[in-house]
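# Working through the structure, step by step
Listed below, chain by chain, are the residues.
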Amino acid sequence: MKPGRELAAFQARLGHDFVRPDVLLRAVTHSSLGTETRPDNQRLEFLGDRVLGLVIAEAVMRNDERAEEGQLAPRFNALVRKETCAEVAREIDLGAVLKLGKSEQMTGGRRKMALLGDAMEALIAAVYLDGGLEAARGVILRLWGDRISSVAPDARDAKTTLQEWAQGRGMPPPTYEVVERSGPDHAPVFRIVARLGNGREGRGEATSKRAAEQAAATALLREVTGE
């Protein structure tokens, strides 16, 4: 089986030539198009998440040999979270070669953060299965590049920081409420309110609930810390 022209060009962007193109095809096949005879990439996502985690864990340890576990963990989390995987996917234009069902195509699936992040994990698994751990490590380190060396020393995300701030003051964890959803299905906008037990609030807006929650948490942190 030979890859089509698009997948052949994509392999050059990825930096790995597949000996088994069927594994690459599976990695770019979304569940909306999967069938019994055309397996999708969901199982590969599971494996790719673990391969990515191992490589990034090794990389952040090598990057700072004096950092303790409590410092390494947030840096690791920042590098493997879905948003980062989706950023990398966009840089290699993974969305252009995804095999999607009609409904996902019509609703902008090639641009969705969660879908791209999952597909990036599946792609890492495909490289691992095709070429082994060293091949996967090489692809990950090249694509993640300067992100590894430039990740913030304290890379906790806003929701984690806000929860720790609240717990340190004897408050329950903050809550998040979707107060408005607007826009078409393929490009929604979520407006979310983050609330603390003392009634203080912060608002955020983004094209995904996850990003809107982070924006709301950031706004509330600025409110309570004055930073």
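Refer to the preceding data block for the structure.
Owing to the predicted nature of the structure, the values given are computational and were not obtained by experimental measurement.

For the rest of this paragraph, the subject is the overall build of the chain. Scanning the chain from N- to C-terminus turns up 11 helices and 3 strands. The order of α-helices and β-strands along the chain, N terminus first, is α-α-α-α-α-α-α-α-α-α-β-β-β-α. Its C-alpha atoms give the chain principal-axis dimensions of about 60 × 50 × 25 Å. Scored against the burial criterion, the 227 residues of the chain give a buried share of 43%. Partitioning the contacts of the chain with sequence separation of at least 6, the portion at a separation of at least 24 is 55%. Carbon and sulfur atoms provide 49% of the accessible area of the chain, an area that totals close to 12,200 Å². Of the charged side chains in the chain, 33 are positive and 33 negative, and the gap between their average positions amounts to 4 Å.

The subject of this paragraph is the nonpolar core. With 48 residues, the main nonpolar core has Leu14, Ile56, Leu94, Met120, Leu123 and Trp144 as its most contacted residues. Those elements that provide at least two residues to this core are α1 (5-14), α2 (21-27), α3 (42-63), α4 (69-80), α5 (82-91), α7 (113-131) and α8 (133-144). At 11 residues, the largest contribution of residues to this core is made by α7. Core analysis: the second largest hydrophobic core is formed by 16 residues, Phe190, Ala194, Leu220 and Leu221 among them.

Parameters at a glance
For every chain, the first residue of the written sequence is number 1, and numbering continues from 1 onward in sequence order. Under the rules for a predicted model, residues below a pLDDT of 70 receive no local features and side-chain atom pairs below 80 are neither given nor counted, while totals for whole chains, interfaces and linings still include all residues. With hydrogens and water stripped out, all remaining heavy atoms of the structure feed into the side-chain values. Per the convention used, a helix needs a DSSP run of H or I reaching at least four residues, while a strand needs a run of E reaching at least two, with both numbered from the N terminus. Buried, partly exposed and exposed residues are distinguished by accessible area as a fraction of the type maximum, computed with a 1.4 Å probe on protein chains only: under 20%, between the cut-offs, and over 50%, respectively. We call two residues in contact when some of their heavy atoms are within 4.5 Å. Each accessible area is a Shrake-Rupley estimate made with a 1.4 Å probe; only the visible protein chains count as cover when residues are assessed. Working convention for charge: Lys and Arg count positive, Asp and Glu count negative, and His plus the chain ends are omitted. We put the charge of a Lys on NZ, of an Arg on CZ, of an Asp on CG and of a Glu on CD. What makes a nonpolar core is a set of buried Ala, Val, Leu, Ile, Met, Phe, Trp, Tyr and Cys residues whose side-chain atoms join them at distances within 4.5 Å.

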